[in-house]
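Survey of secondary and tertiary structure
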Amino acid sequence: MSHFLPYGAQSIDDADLAAVVEALRSPYLTTGPRVGEFEAALASAVEAPHAVAMSSGTAALHAACHALDLGPEDEVIVPAVTFLATSNAVLYAGARPVFSDVCPDCGLMRPEDLEAAWTPRTRAVIPVHLTGRPVDMEVLSAFARERGAAVIDDAAHALGASLRGTPIGGGAWSDMSIFSFHPVKHATTGEGGAVVTADEGLAARVRTFISHGMVREPDQLKAPSPGPWYYEQQELGYNYRITDIQCALGTSQMSRLGGFVARRRHLARLYEERLASLDAVEINDPGPDGSVSAYHLFGILLDFEGLGTTRAEVMQGLRERSIGTQVHYIPVPAQPYYRELGYDPAPFTGAAEYYRRTLSLPMFPAMEDGDVDRVCDALEAVLAELGAR
Ligand SMILES: *Cc1c(COP(=O)(O)O)cnc(C)c1O
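Source: prediction; values computed, not measured.

**Observations concerning the pattern of salt bridges**
Evaluation of the coordinates by the stated rule reveals 26 salt bridges. Across the pair Arg-207 and Glu-39 runs a salt bridge, and its minimum N-O distance is 3.2 Å. Of this pair, Arg-207 sits in helix 7 (residues 200-209) while Glu-39 sits in helix 2 (residues 33-46); the two residues are 168 residues apart in sequence, bridging distant segments of the chain. Of the residues examined, Glu-39 reaches a relative accessible area of 9% and is grouped as buried. What you see here is one network of salt bridges that share partners, running through Asp-105, Glu-282, Asp-303, Glu-305, Glu-353, Arg-356 and Arg-357.

Below you can see the structure in the form of structure tokens.
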């Protein structure tokens, strides 16, 4: 039996191990110099002026929403197809998530989806670069900014992606972008996330928020400082800090980001060539003109019912051949928690149609070229077997 291929996995090498060991032997396990080094590596990779690293991508979404000073009357538009964290963060910040529909064939928020979800209460929008394909930030962002709303892009899938030559996360189209460093993402810190921004004030607010709302810089204190021990809590924050141990791994990983993303793109080309002959399989739409995907995921569309089978059967057939797949994502307004809040998934027909057909095949830099053939052969065999009954 061949080794199991998960849908995603980290790549850890000896340099990563050495960097973590060095951090463990250093005086600082947290709030030390490795945090700033990791932030600098990230800021430079996405060409952003400021990066603030923290404990998770979810914390980054929460911090970014908090920095916008949202209130209970404020609405934030998020796509119906995304990971739970995107809309949960809006709830954490005390505002109201409003879902937009997505393209039935690509799963991305389109300008018409944003327009349909817009109300006079819309204060911000959080587009998601699903699977690593940038949404059309140029158009979405212009629409939001003309109406005085803020833009946070959830770039958890898109580290290394670009739109018309500009990196996602560089601040060209959004007030803040968030990244995740979970092991399935492009570079990992175990758990970890970051807010990147071109706005110094937003970066400072995010930094305060992730450490209890605590301020020490003399020019930011409300009272005269009685001495070097003095600090002030000026708002309610959290402990969302990341450790130096994690950042040591992150900086080491970031030094290989270019190679990781290039490898993902190479595997995607192999998948595209190999799947072209499989009529039942539609490859994910590449996204807007001029977008270059970072391929966090390799998504395909299959009309399971039309083929006389179910997604569960196809996934099981692949699993029996040691191939892991996953579904990204169940539309969030269909979740019991959101239904109980009064949300209804029914209007989001594009989201339902995308969800009905999507499947994520294995995609991670440590995959070998031959693994793509193995996945495609298995998919072909499973479809033939299930469809022929
Ligand atoms: C991974 C991810 C996040 C953040 O996840 P964490 O696990 O908290 O780092 C947010 N949004 C999307 C779309 C993601 O895939």
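Here the narrative resumes.
**Points about the side chain of Ser-26**
Take Ser-26: it is sitting in the loop between helix 1 (14-25) and helix 2. Residue Ser-26 is classed as buried on the basis of its relative accessible area, which comes to 17%. Engagement of the side chain of Ser-26 in a polar contact is seen with the backbone oxygen of Tyr-28, the distance being 3.1 Å. One polar contact links Ser-26 to Arg-34, side chain to side chain, over a distance of 3.4 Å.

**Looking at the sheet that holds strand 6 (residues 162-163)**
Read across the sheet, three strands follow the order 7-6-13 without closing on themselves; strand pairing throughout is antiparallel. Lying at the two open borders of the sheet, with one neighbouring strand each, are strand 7 (166-167) and strand 13 (291-292). In this sheet, strand 13 lies alongside strand 6 in antiparallel orientation, the contact comprising two bridges. Bridging across to strand 13, Ser-162 finds its partner in Val-292.

**A look at unusual backbone geometry**
The step from His-328 to Tyr-329 runs through a cis peptide bond, and the omega angle for that step is 0 degrees. A positive phi is found at Tyr-295, a non-glycine position, where the angle reads about 50 degrees. Among the secondary structure elements, Tyr-295 is positioned in the loop between strand 13 and strand 14 (298-302). On the basis of relative accessibility, which here comes to 13%, the residue Tyr-295 falls in the buried class.

**With respect to the environment of Glu-305**
By the element assignment, Glu-305 lies in the loop between strand 14 and helix 10 (311-320). Once the C-alpha coordinates of Glu-305 and Glu-282 are considered, the two residues, 23 residues apart in sequence, prove to be 15 Å apart.

**Some points on the domain arrangement of the chain**
As a measure of interface size, the accessible area lost when the parts come together is often cited. As far as domains go, the chain holds domain 1 (14-254) and domain 2 (257-385). Here the C-alpha centre of domain 2 lies 26 Å away from the C-alpha centre of domain 1. Residue-level contacts link 41 residues of domain 1 with 40 residues of domain 2. Approximately 3200 Å² of surface area, both sides summed, lies buried where domain 1 meets domain 2, with 61% of it carried by carbon and sulfur atoms. Together, Phe-99, Thr-131 and His-186 form the three largest contributors to the area buried by domain 1 at its contact with domain 2, with a combined 19%. For the pair domain 1 and domain 2, the number of links is one salt bridge. The shortest N-O distance in the salt bridge between Arg-357 and Asp-105 comes to 2.9 Å. Run the count over domain 1 and domain 2 and you get 23 residue pairs in polar contact (both at pLDDT 80 or more). The residue makeup of the side of domain 1 that touches domain 2, split by class, is 22 nonpolar, twelve polar and seven charged.

**Side note on the packing of aromatic side chains**
Counted under the stated rule, the structure contains 13 aromatic pairs. A centroid spacing of 4.4 Å and a plane angle of 10 degrees characterise the contact between Tyr-271 and Phe-298, whose relative ring orientation is stacked. Note that Tyr-271 is positioned in helix 9 (residues 257-275) and Phe-298 in strand 14, a separation of 27 residues in sequence. For the pair Tyr-271 and Phe-298, a shared accessibility class is recorded, and that class is buried. Ring centres of Tyr-338 and Tyr-343 lie 5.5 Å apart, and the angle between their planes is 65 degrees; this geometry places the pair in the edge-to-face category. Both residues of the pair, Tyr-338 and Tyr-343, count as buried. Here Arg-147 stacks its cationic end above the ring of Phe-143, 3.6 Å away from the centre of that ring. A cation over a ring is seen here: Arg-311 above Tyr-355, with NZ or CZ 4.8 Å from the ring centre.

**Observations regarding the packing of helix 10 against helix 13 (residues 369-387)**
A pair of packed helices is characterised by two quantities: the angle between their axes and the separation of those axes. At a minimum axis distance of 9 Å, the contact between helix 10 and helix 13 shows a crossing angle of 130 degrees. Classified by the interaxial angle, the pair formed by helix 10 and helix 13 is oblique. The handedness of the crossing between helix 10 and helix 13 is right-handed. Side by side, helix 10 and helix 13 meet where Glu-313, Val-314, Gly-317 and Leu-318 of the first sit next to Ala-378, Leu-379, Val-382, Leu-383 and Leu-386 of the second. Partitioned by chemical class, the residues of the contact of helix 10 with helix 13 number seven nonpolar, one polar and one charged.

**Quick look at the nonpolar core**
A general tendency of soluble globular proteins is for nonpolar side chains to be buried together. Counting 88 residues, the largest nonpolar core has Leu-42, Met-54, Leu-159, Met-176, Phe-181 and Val-195 as the members making the most contacts within it. Both of domain 1 (14-254) and domain 2 (257-385) provide at least three residues apiece to this core. Once you skip the residues sitting within four places of it in the chain, Leu-42 turns out to touch Ala-51, Leu-159, Phe-179, Phe-181, Ala-194, Val-196 and Met-254. Ala-268, Phe-298, Leu-383 and Leu-386 belong to the second-largest nonpolar core, a separate cluster that totals 32 residues.

**Focus: the site of the ligand**
With respect to spatial proximity, 14 residues lie near the ligand, and among them Thr-58, Asp-154, His-157, Ser-180 and Lys-185 are the closest. Gly-57 has a polar backbone atom sitting 2.8 Å from an oxygen atom of the ligand. For the ligand, whose unbound accessible area comes to 380 Å², protein coverage reaches 93%. Residues belonging to the shell around the ligand are distributed by class as follows: four nonpolar, eight polar and two charged.

The rules behind these values
- Residues numbered from 1 in each chain as written.
- Predicted model: local features only at pLDDT ≥ 70, side-chain atom pairs only at ≥ 80, totals over all residues.
- Heavy atoms only, no water.
- Salt bridge = Lys/Arg side-chain N within 4 Å of Asp/Glu carboxyl O.
- Helix = DSSP H or I, 4+ residues; strand = E, 2+ residues; numbered from the N terminus.
- Buried < 20%, exposed > 50% of the residue type's maximum accessible area, 1.4 Å probe, protein only.
- Polar contact = N/O pair within 3.5 Å; in protein donor to acceptor, adjacent residues only side chain to side chain.
- Pairing = 2+ DSSP bridges.
- Domains from an automatic or database assignment.
- Contact = heavy atoms within 4.5 Å.
- Buried area = accessible area lost by both parts, 1.4 Å probe.
- Nonpolar A, V, L, I, M, F, W, Y, C, P; charged D, E, K, R; others polar.
- Phe/Tyr/Trp six-rings, centres within 6.5 Å; stacked < 30°, edge-to-face > 60°.
- Lys NZ or Arg CZ within 6 Å of the ring centre and 35° of its normal.
- Axes fitted to C-alpha atoms, helices over the stretch in contact; angles between N-to-C directions.
- Parallel < 35°, antiparallel > 145°, perpendicular 65-115°, else oblique.
- Left-handed = near helix turned anticlockwise from the far one by under 90°.
- Core = buried A, V, L, I, M, F, W, Y, C linked by side-chain atoms within 4.5 Å.
- Near = heavy atom within 4 Å.
- Areas by Shrake-Rupley, 256 points an atom, 1.4 Å probe, with all protein chains shown as cover.

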